[in-house]
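Here's the letter readout for the chains.
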Amino acid sequence: MFSNTEIGIDLGTANILIYTKNKGIILNEPSVVAVDTKTNQVVAVGNEAKNMIGKTPRNIVPIRPLKDGVIADFDMTTQMLKAFLKKVSKRAGVSMRKPSVVVCTPSGSTAVERRAIDNAVKSFGAKEVHLIEEPVAAAIGADLPVSEPQASMIVDIGGGTSEVGIISFGGVVASRSVRVGGDHMDEEIIQYVKRQYNVLIGESSAEKIKIEIGNAIPSHTEEQMEVRGRDLVTGLPKVIMISSKEVHMAINEVLESLLHAITETLESCPPELSGDIVDQGITITGGGALLKGMQGWLSNEVHVPVHLASNPLESVAVGTGRSLKMIQKLQKAAK
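Residues numbered from 1 in each chain as written. Predicted model: local features only at pLDDT ≥ 70, side-chain atom pairs only at ≥ 80, totals over all residues. Heavy atoms only, no water.

A short note on the overall build of the chain
Then comes step 1: Broken down by element type, the chain carries 11 helices and 18 strands.
Then comes step 2: The C-alpha radius of gyration of the chain comes to 20 Å, within 12% of the 20 Å expected for a compact globule of 335 residues.
Then comes step 3: Taken along its principal axes, the extent of the C-alpha atoms in the chain is 60 × 55 × 30 Å.
Then comes step 4: Of all 335 residues assigned to the chain, the portion counted as buried reaches 52%.
Then comes step 5: Just so you have it, the chain exposes about 15300 Å², and 49% of that area is on carbon and sulfur atoms.
Then comes step 6: The average position of the 35 basic charges and that of the 38 acidic charges among the side chains of the chain differ by 10 Å. (Helix = DSSP H or I, 4+ residues; strand = E, 2+ residues; numbered from the N terminus. Rg over C-alpha atoms; globule rule 2.2 N^0.38 Å. Buried < 20%, exposed > 50% of the residue type's maximum accessible area, 1.4 Å probe, protein only. Areas by Shrake-Rupley, 256 points an atom, 1.4 Å probe, with all protein chains shown as cover. Lys, Arg positive; Asp, Glu negative; His and termini not counted. Charge placed at Lys NZ, Arg CZ, Asp CG, Glu CD.)

What about the packing of helix H4 (residues 134-141) against helix H10 (residues 315-322)?
Then comes step 1: For the pair H4 and H10, interaxial distance at closest approach is 6 Å and the crossing angle is 95°. On the basis of their axis angle, the class for H4 and H10 is roughly perpendicular. Counting all contacts with H4, which are made through Glu134, Ala137, Ala138, Ile140 and Gly141, the residues of H10 involved are Ser315, Val316, Val318, Gly319, Thr320 and Arg322.
Then comes step 2: Taken together, the residues that form the contact of H4 with H10 break down as five nonpolar, four polar and two charged. (Axes fitted to C-alpha atoms, helices over the stretch in contact; angles between N-to-C directions. Parallel < 35°, antiparallel > 145°, perpendicular 65-115°, else oblique. Contact = heavy atoms within 4.5 Å. Nonpolar A, V, L, I, M, F, W, Y, C, P; charged D, E, K, R; others polar.)

Observations concerning the sheet that holds strand S17 (residues 282-285)
Then comes step 1: Taken in spatial order, the five strands line up as S13-S12-S11-S17-S18 in an open sheet, and their pairing is mixed. Because the sheet does not close on itself, it has two edges, and the strands there are strand S13 (171-178) and strand S18 (306-308). On average, each strand axis in the sheet is tilted by 20° relative to the strand beside it, whichever way the strands run.
Then comes step 2: The pairing of S17 with S18 spans three bridges and is parallel. Bridged to Ile284 within S18 is Leu308.
Then comes step 3: Strands strand S11 (152-157), strand S12 (162-168), S13 and S17 of the sheet are contacted by H4, whose axis makes an angle of about 70° with S12. (Pairing = 2+ DSSP bridges.)

Brief notes about the sheet that holds strand S6 (residues 60-63)
Then comes step 1: The strand order across the open sheet formed by three strands is S5-S4-S6, and the pairing between neighbours is antiparallel. On the outer flanks of this sheet lie strand S5 (41-45) and S6, each paired with one strand and no other. Strand-to-strand twist in this sheet, taken as the mean axis angle between neighbours without regard to direction, amounts to 30°.
Then comes step 2: In terms of strand pairing, strand S4 (residues 33-36) meets S6 through four bridges, oriented antiparallel. Each bridged residue has a counterpart across the sheet, and for Val33 the counterpart in S6 is Ile63.

Re the pairing of S12
Then comes step 1: Most of S12 sits inside the fold, with seven of its seven residues counted as buried.
Then comes step 2: Burial along S12 is two-sided: the face carrying Ser162, Val164, Ile166 and Ser168 and the face carrying Glu163, Gly165 and Ile167 are both buried.
Then comes step 3: The sheet contact formed by S11 and S12 spans six bridges and is antiparallel. Paired with Met153 across the strands is Ile166, a residue of S12.
Then comes step 4: Taking the residues that link successive antiparallel strands as the turn, the S11-S12 hairpin has four residues.
Then comes step 5: Of the pairings in the sheet, the one linking S12 to S13 comprises seven bridges and is antiparallel in character. Each bridged residue has a counterpart across the sheet, and for Ile166 the counterpart in S13 is Ala174.
Then comes step 6: Here S12 folds back onto S13 in antiparallel fashion, the turn holding two residues, of which Phe169 has a positive phi close to 55°.

Side note on helix H8 (residues 271-280)
Then comes step 1: For H8, the full list of buried residues reads Leu273, Asp276 and Ile277. Taken end-on, H8 shows its buried residues confined to a sector of 100°, consistent with a single buried face. What points out from H8, more than 90 degrees from its buried face, is the exposed set Pro271, Val278 and Asp279.
Then comes step 2: Where the residues of H8 are buried, they touch S11, S12, S13, helix H7 (244-267) and S17.
Then comes step 3: Looking at the residues trailing H8, positive phi occurs at Gly281, about 80°. (Arc of directions from axis to C-beta.)

Right under this line is the structure:
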């Protein structure tokens, strides 16, 4: 056990990751809390709570206290953080007495949203809280040379938000934050199945469809998948077959929003740095980066090389933790 622990938190819409310098990633669980509405007590958090979605009695409600990368329910976020940190101190033997914490925030978040994150983290006894922009954290975690005088372009496709950033000299030169991500793809799949087949499917089924047969490239080799849901006409269970081409049609609007954010960021990049991006390319991180065909589709659309970070799901958390030692430098660059 050691006090004054330095920890980095990736407070994601879909997952929360906690990183410590000595032990690396010590927690990676869904940002879900199950609450008993009768007593207002937290029944479960993380994996346990996510497994309850769509399967609980009426008085137990699984909720996601983070929406579009920011805090939607302050009290629940605080309770969830406390529960996760308790888990971490038991499981990893890490003392949570007055830790120094770095939390990443979406680059488009408002001062009110940043204050909410700051307060939520301080409420469980953090000694000091530093906020770092998500594109910078993702770039550090993806081992890009962020402090060098050259452009590093990062696209972090998360659950609730996607962050696009061009970083040079440790600071953000140009960035865009769009409130689209993996969760929105799931929602579009649910709506598509409802419209086309009159069948209602759950979030978990939609996520499974996206992971197994979702594809960013329109002209890919077609795949099929069996999906179970509830027939909206008869109210009875029903099995349908859905193809990967249909999934592409369903998520296409989300992909177009992401592409628009990338092209807008490239357009606002200083010409001196544009040459670096042509040479170095774009690095993609986040869960959405793992969608089949994402690299090829993006590269084709923006005409520059696209690289997948070595560990896209953990890049932001790792970068958040690593930034502890360079936080002063980053804050100077931001001023």
